[in-house]
Amino acid sequence: MPIFGTDGVRGLANGILTADLALTLAQATAVVLGQGRTAEARKAEGKRLTAVVARDPRVSGHFIAAAVAAGLASSGVDVLEAGVIPTPALAFLVADRDADFGVMISASHNAAPDNGIKIFARGGRKLPDVVEQRIEEAMAGDKLRPTGAGVGRIDRFSDAEDRYVMHLLGSLPNRLDGIHVVLDCAHGAASGVSPETFRDAGAEVTVIGADPDGWNINDGVGSTHLDNLAEAVVRLGADIGIAHDGDADRCLAVDAEGNHIDGDQIMAILAVSMKERGHLTDDTLVATVMSNLGLHVAMREHGITVRQTAVGDRYVLEDMNEGGYALGGEQSGHVIMSEYATTGDGILTGLHLVAEMARQKKSIAELASVMTVYPQVLINVRDVDKDRVADDEVVQQAVRDVEIELGDSGRVLLRKSGTEPLVRVMVEAADAESVHAYAGRLAAVVQERLSL
């Protein structure tokens, strides 16, 4: 089985993800990312390879980060330990310190027993698939084993958080004065830095989910559990609630009435604002195929083109980098603002969302009304031959029939799972009754035709 998944290496700490694996992976990373013209030029100048290592607060992060640091230092790489910071902070610091690469220990929105390893290349960018494959192959090969003065040093990155906060504040077009924000930090990596930054930007801040103990990360809090945030916003009479996930690369929101605002709505608000201010490259937004049809309709009404990618923020990033686009993301709350970040940044996104409220002197509900969310149903059809979904003529004819009936008022998407014998049937339509009926109809055809 491949070690790398859609977002680095992830699994049960001390189950799949052991200290041995972390150390070997770090050694292999030093072999692969220590090559290339830039790395060789640095070595020729007498400069040592440097990596930034950080983690989220889950308890297993201690031993995994230690193993990663040991693997890198034993390979001659100097390590800057940044401690507990968000994933986007790690990406920023790799670029800011001109480090050769960075390693983040986090399982994002997963429960505390899991953990993960995300590797960022020079400039704070996620690795392409081909480089991850080379690192996997290098795990079984010879390692770098310098001796004497050649071994790496491990030092504390003492001003890591301060550098990141200053970067975030410097990105804002205006202050957040007069807006009451409730922040849900998921008992995760945002617990210290997010409240500090919002307060420094002028907002009145109430914080929930910001008492990490190593075990409570994402436990009933954060972007995957918005009910507590919604209750707090309504009870306190706040203007907006912002929710992060465990490593703070996501941002979702709730309005003053407790209504949820997803990543598509956030992107719609930011895209319209950026176009008005001349900051939206080619008047284009990059989103995945799972983004709501309402986003496409709203963007078309505002003269904004939507480019679609496969599901996963890495594919959004690849398309943004190739085209030089300024904004992209996912419905789940991964929003990428490429002028300021090389990856999804939940704190950056939340700050700019609230800044737009302050700039326009409008509520978040008013801003979110730029987009109407179409009813969407997703049915997982299990125990089917997923590889035949694109070739079975009966299934494809059923899709075409529904698309004709929907016309411009709906959308159909069939996706095979990457890991299970499963096909996902997604239908959007203007009314809830139709969307359920069409989704059920297509799911029945898939089940009948592709059952194992």
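Residues numbered from 1 in each chain as written. Predicted model: local features only at pLDDT ≥ 70, side-chain atom pairs only at ≥ 80, totals over all residues. Heavy atoms only, no water.

Focus: the sheet that holds strand S16 (residues 335-337)
In plain terms, the rule: Whether two strands pair comes down to DSSP finding at least two bridges between them. To qualify as a helix, a DSSP run of H or I must reach at least 4 residues; to qualify as a strand, a run of E must reach at least 2; elements of each kind are numbered from the N terminus. Every angle, taken between N-to-C directions, lies between 0 and 180 degrees, and every axis is a line fitted to C-alpha atoms, over only the stretch in contact when it is a helix.
Across the sheet, 4 strands lie side by side as S14-S13-S15-S16; this open sheet has mixed pairing. The open sheet has two edge strands, strand S14 (305-309) and S16, and neither has a second partner. Across this sheet, the average inter-strand angle for adjacent strands is 20 degrees, counted without regard to direction. Sheet topology note: the strand S13 (residues 284-288)/S14 ladder contains 5 bridges and is parallel. Note on S14: the bridge partner recorded for Ala 287 is Gln 308.

Comments concerning helix H12 (residues 346-360)
For the record, the criterion: The span expected for a helix works out to 1.5 Å for each residue beyond the first. With a 1.4 Å probe rolled over the protein chains alone, any residue whose accessible area is under 20% of its type maximum counts as buried; one over 50% counts as exposed, and the rest are partly exposed. For the purposes of these results, a polar contact is taken to be a pair of N or O atoms within 3.5 Å, where, inside protein, one atom must be able to donate a hydrogen and its partner to accept one; residues adjacent in sequence count only when each atom of the pair is a side-chain atom.
When the terminal C-alpha atoms of H12 are compared, their 21 Å separation across 15 residues agrees well with the 21 Å that a helix rising 1.5 Å per residue should span. Counting buried residues in H12 gives 13 out of 15 residues, a clear majority hidden from the surface. At the N-terminal end of H12, a side-chain oxygen is found 3.1 Å from the backbone nitrogen of Ile 347, two or three residues along, and the residue is Asp 345. In the stretch just after H12, Lys 361 is the one whose phi turns positive, near 55 degrees.

What to know about the sheet that holds strand S11 (residues 252-254)
Taken together, the 5 strands give an open sheet; going across it, the order is S9-S8-S10-S11-S12, and neighbouring strands pair in mixed fashion. Each edge of the open sheet is held by one strand with a lone partner, namely strand S9 (204-208) and strand S12 (260-261). Across 5 bridges, strand S8 (residues 180-184) lies against S9 in parallel orientation. Among the inter-strand pairings, Val 182 is bridged to a residue of S9, identified as Thr 206.

Description of the pairing of strand S19 (residues 422-429)
Two faces make up the sheet, and in a regular strand the side chains alternate between them. In terms of burial, S19 is largely enclosed, as 7 of its 8 residues are buried. Note: strand S17 (residues 376-382) against S19, 7 bridges, orientation antiparallel. Directly across from Val 381, in S19, lies its bridge partner Val 423. Note: strand S18 (residues 410-416) against S19, 7 bridges, orientation antiparallel. Residue pairing in the sheet places Leu 414 in a bridge with Val 425 of S19.

A look at the nonpolar core
Just so we agree on the cut-off: In plain words, nonpolar cores are sets of buried Ala, Val, Leu, Ile, Met, Phe, Trp, Tyr and Cys residues tied together by side-chain atoms within 4.5 Å. Contacts between residues were defined by any pair of non-hydrogen atoms, one from each residue, lying within 4.5 Å.
Counting 71 residues, the largest nonpolar core has Val 181, Phe 198, Ile 240, Met 299, Leu 327 and Ile 347 as the members making the most contacts within it. Residue contacts for Ile 347: discarding those within four places in its chain leaves Pro 86, Tyr 164, Leu 168, Ala 190, Val 193, Ser 194, Phe 198, His 244 and Ala 248.

Observations concerning the side chain of Asn 292
Here Asn 292 is to be found in the loop between S13 and helix H10 (293-301). Setting aside its immediate chain neighbours within four residues, Asn 292 contacts Asp 264, Gln 331, Met 371, Thr 372, Val 373, Tyr 374, Gln 376, Arg 411 and Glu 428.

Considering the packing of helix H1 (residues 19-33) against helix H5 (residues 129-138)
Under the convention used in this document: Small angles under 35 degrees read as roughly parallel and large ones over 145 as roughly antiparallel, with 65 to 115 read as roughly perpendicular and the rest as oblique. Each crossing is labelled by how the near helix is turned from the far one, with a counterclockwise turn of less than a right angle marking it left-handed and a clockwise turn marking it right-handed. Polar here means any residue outside two lists: the nonpolar Ala, Val, Leu, Ile, Met, Phe, Trp, Tyr, Cys and Pro, and the charged Asp, Glu, Lys and Arg; Gly therefore counts as polar.
Remark: H1 packs on H5, axes separated minimally by 8 Å, with the N-to-C direction vectors making an angle of 120 degrees. Our classification of the angle between H1 and H5 gives oblique. The two elements H1 and H5 meet at a crossing, and its hand is right-handed. Within the contact between the two elements, H1 uses Leu 25, Ala 28, Thr 29, Val 32 and Leu 33 and H5 uses Val 131, Arg 134, Ile 135 and Ala 138. Classifying every residue of the contact of H1 with H5 by side-chain character gives 7 nonpolar, 1 polar and 1 charged.

Things to note about the layout of surface pockets
Our working rule: A pocket here means an open set of points on a 1 Å grid, computed over the protein atoms alone, that has protein on both sides within 12 Å along at least five of seven lines. A cavity is instead a set of points where a 1.4 Å probe fits but cannot get out; residues with an atom within 4 Å of a point line either one. Grid points are joined across faces, edges and corners, and a volume is the space filled by probe spheres set on the points.
The space that makes up the largest pocket amounts to roughly 1600 Å³. Of all the secondary-structure elements, those providing two or more residues to the lining of the largest pocket are strand S1 (9-12), H5, helix H11 (313-323) and S18. Of the residues that constitute the lining of the largest pocket, the class distribution is 11 nonpolar, 14 polar and 14 charged. In this structure, the second largest pocket occupies an estimated 210 Å³ of space. Around the second largest pocket sit Val 32, Leu 33, Gln 35, Gly 36, Arg 37, Thr 38, Ala 39, Asp 100, Ala 121, Arg 122, Val 131 and Arg 134, which together line it. Secondary-structure elements contributing two or more residues to the lining of the second largest pocket are H1, helix H2 (37-44) and H5.

Thoughts on empty space enclosed by the protein
One pass over the full model with this rule turns up 3 cavities of 30 Å³ or more. Approximately 90 Å³ is the volume attributed to the largest cavity. Contributing to the lining of the largest cavity are Phe 4, Thr 6, Asp 7, Gly 8, Lys 118, Ile 119, Phe 120, Lys 126, Leu 127, Glu 132 and Arg 314. Ranked by residue count, the leading element in the lining of the largest cavity is strand S5 (residues 114-121), at 3 residues. Estimated volume of the second largest cavity: approximately 50 Å³. As for the second largest cavity, its lining consists of Pro 173, Leu 270, Ser 273, Met 274, Arg 277, Met 337, His 352, Ala 355 and Glu 356. Among the residues making up the lining of the second largest cavity, the classes are represented as 5 nonpolar, 2 polar and 2 charged.

A few points about the packing of aromatic side chains
Here is the rule we go by: Pairing of aromatic side chains here covers Phe, Tyr and the six-membered ring of Trp, requires ring centres within 6.5 Å, and sorts the geometry by plane angle: under 30 degrees stacked, over 60 edge-to-face, intermediate tilted. Whether a charge sits over a ring comes down to the Lys NZ or Arg CZ being within 6 Å of the ring centre and within 35 degrees of the ring normal.
Throughout the structure, instances matching the rule amount to 1 aromatic pair. When the ring of Phe 92 is compared with that of Tyr 164, the centres are 6.3 Å apart and the planes differ by 45 degrees; the resulting orientation is tilted. On the criterion of sequence distance, the pair formed by Phe 92 in helix H4 (residues 87-96) and Tyr 164 in helix H6 (residues 160-171) is long-range, its members being 72 residues apart. Residue Phe 92 shares its accessibility class with Tyr 164, and that shared class is buried. Over the aromatic face of Phe 157 sits the side chain of Arg 97, whose NZ or CZ is 5.2 Å from the ring centroid.

Regarding the pattern of salt bridges
Note the following rule: Whenever a carboxyl oxygen of Asp or Glu lies within 4 Å of a side-chain nitrogen of Lys or Arg, that contact is scored as a salt bridge.
Within the structure shown, the criterion is met by 28 salt bridges. Of the charged contacts, one joins Arg 250 and Asp 245 as a salt bridge, the two residues approaching to 3.8 Å between their closest N and O atoms. Relative accessible area serves as the criterion here: at 11%, Arg 250 is assigned to the buried category. By relative accessible area, which is 0% here, Asp 245 ends up buried. In this structure, Asp 392 and Arg 449 form a salt bridge, with 3.0 Å as the shortest nitrogen-oxygen distance. Pair noted here: Asp 392 is in the loop between S17 and helix H14 (393-406) and Arg 449 is in helix H15 (residues 432-450), with a separation of 57 residues, a long-range link. Overall, the relative accessible area of 5% leaves Asp 392 in the buried class. The class for Arg 449 is partly exposed, based on a relative accessible area of 36%. One network of salt bridges, with partners in common, ties together Asp 7, Arg 10, Lys 118, Lys 126, Asp 247, Asp 249 and Asp 313.

Nothing here speaks to function; it is geometry throughout.
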